[in-house]
Amino acid sequence: MDFLLECIGFPPDLGEDDVAELVRTRGEAAAWRGAGEDHRVLALGQGLHGQSLVVRADRDGPGGQWSLTPELRGTRPRRLAVTSIVRPQDQPFDALLTGWAHPPPPGEDPEGPPGAYRLSAWVSDARRIGRRLLPGHVLAVEAAGFALHVERIVAGDAAFAASVLERPSGAYVRPLGAPDDPGGGCDVSLRIQSVRRLVNAVTDEVVVVALCDAPDRPIPLLLSPWQLDRDGHERPRPGLRVEGTFLFTGRIAGGLKRGTTGDRFG
């Protein structure tokens, strides 16, 4: 997962074992997960708009292999009408949510209005969901996309695929594979609305967050500057379009029964 760590300011020449050791020794217990010694999270810095970078480390008990996951926290939650939940047996604290973002009012067809779009995202606090969430239940999900592969960054609509039905906002997001297929990756084609810069406090590397146009609210995308340079892409800036495959991760911000979460959303 080193390519995802590059998106939050860890250079490719820094080993994953080194990052895991940093999180283990300098981090704190990750909320809504298992034993604190096996699930750690390290804050990497906070920006002017309240967004913060973190990296999470998890292992399956003492002596297990650490896995690392990047997160961008403090993003504006988006409403997601959940159509499926995948809970991998080897990842009991995670869940893959798939559904309709920016859903219409109750009783209307979610595929009809031009504003609704499909989205898949991993959430790290799956224990909050319980086992009785009904299809169509609307959650507020705080999620950001991390670049698995950037196909192109070009001006305006120059690269927008002719076969894609463009939404009025110019946003295109589609989960990979079947809706219930574990993965969490989405193909995207999005215009950059604005760019924010955060600093990884461990490496002092600048992390660029591209806020991209979407029907409801901007979608934050994080890209590896090292991948962009290797592949000869432009750096993100307002007005350009990003196309590629992104892994969405985040947390639940609201929409659960009172007493399960104190947050409210709308």
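You'll find the structure just up there.
Each residue is numbered by its place in its chain's sequence as written, counting from 1. pLDDT decides what is reported in this predicted model: residues at 70 or higher carry local features, side-chain atom pairs at 80 or more are listed and counted, and totals for whole chains, interfaces and linings draw on all residues regardless. Each side-chain value is worked out from all heavy atoms of the structure, with water and hydrogens disregarded.

Okay, the overall build of the protein chain next. In terms of regular secondary structure, the protein chain is built from three helices and 13 strands. To sort residues, take the accessible area from a 1.4 Å probe on protein chains only and compare it with the maximum for the residue type: under 20% means buried, over 50% means exposed, and anything in between is partly exposed. By the burial criterion, 51% of the 266 residues in the protein chain qualify as buried. Contact criterion: two residues are considered in contact whenever any of their non-hydrogen atoms come within 4.5 Å of each other. Put simply, 63% of the contacts in the protein chain that link residues at least 6 apart link residues at least 24 apart. For accessible areas, the Shrake-Rupley method is used with a probe of radius 1.4 Å. Any residue's cover is judged against the shown protein chains and nothing else. Split by element, the accessible area of the protein chain, about 12500 Å² in all, is 49% carbon and sulfur. Here a helix means four or more residues in a row that DSSP labels H or I, a strand means two or more in a row labelled E, and each is numbered from the N terminus.

Within the secondary structure, Glu142 is located in strand β8 (residues 138–155). Contacts of Glu142, omitting those with residues within four sequence positions, involve Leu72, Arg73, Gly74, Thr75, Pro77, Thr249, Gly250, Arg251 and Ala253. By the criterion applied in these results, polar contacts are pairs of N or O atoms within 3.5 Å in which, for protein atoms, one can donate a hydrogen and the other can accept it, and in which residues neighboring in sequence qualify only through two side-chain atoms. Separated by 3.2 Å, the side chain of Glu142 and the backbone nitrogen of Gly74 make a polar contact.

Only Phe, Tyr and Trp rings are paired, with Trp represented by its six-membered ring, and only when their centres lie within 6.5 Å; those with planes under 30 degrees apart are stacked, over 60 edge-to-face, the remainder tilted. Per the stated rule, a full pass over the model turns up zero aromatic pairs. The ring of Trp100 is capped by Arg118, whose NZ or CZ atom sits 5.2 Å from the centre of that ring. Counting as a charge over the ring demands two things of the Lys NZ or Arg CZ atom: a distance within 6 Å of the ring centre and an angle within 35 degrees of the ring normal.

This part takes up the sheet that holds strand β2 (residues 39–46). Strand order in the open sheet formed by four strands is β1-β2-β3-β4, and the pairing between neighbours is antiparallel. The sheet is open, and its two edges are formed by β1 (28–29) and β4 (67–73), each paired on a single side. In this sheet, β4 lies alongside strand β3 (residues 52–58) in antiparallel orientation, the contact comprising seven bridges. What sits directly across from Leu53, in β4, is Leu72. Every angle, taken between N-to-C directions, lies between 0 and 180 degrees, and every axis is a line fitted to C-alpha atoms, over only the stretch in contact when it is a helix. Those strands touched by helix α2 (residues 16–26) are β1, β2, β3 and β4, and its axis lies near 95° from that of β2. Between any two strands, pairing holds if DSSP finds at least two bridges.

Position of Asp231 among the secondary structure elements: in helix α3 (residues 225–231). As for Asp231 and Arg152, which are separated by 79 residues in sequence, their C-alpha atoms are 9.2 Å apart.

Given 3.6 residues to a turn, an α-helix orients residues that are three or four positions apart in the same direction. For α2, the full list of buried residues reads Val19, Ala20 and Val23. Viewed along the axis of α2, the buried residues span an arc of 100°, placing them on a single side of the element. In α2, those exposed residues whose orientation departs by more than 90 degrees from the buried face are Asp17 and Arg26. Where α2 is buried, its residues touch α1 (2–6), β2, β3 and β4. Relevant arc is that of directions from the helix axis to the C-beta atoms, nothing else.

This part is about the pattern of salt bridges. Salt bridge, as used here, is a side-chain nitrogen of Lys or Arg placed within 4 Å of a carboxyl oxygen of Asp or Glu. Counting across every chain of the model gives 17 salt bridges. For Asp125, the salt bridge goes to Arg128, with nearest N and O atoms at 3.0 Å. When its relative accessible area of 11% is taken as the criterion, Arg128 is described as buried. Through salt bridges with shared partners, a single network forms among Arg33, Arg56, Asp58, Glu71, Arg73 and Asp94.

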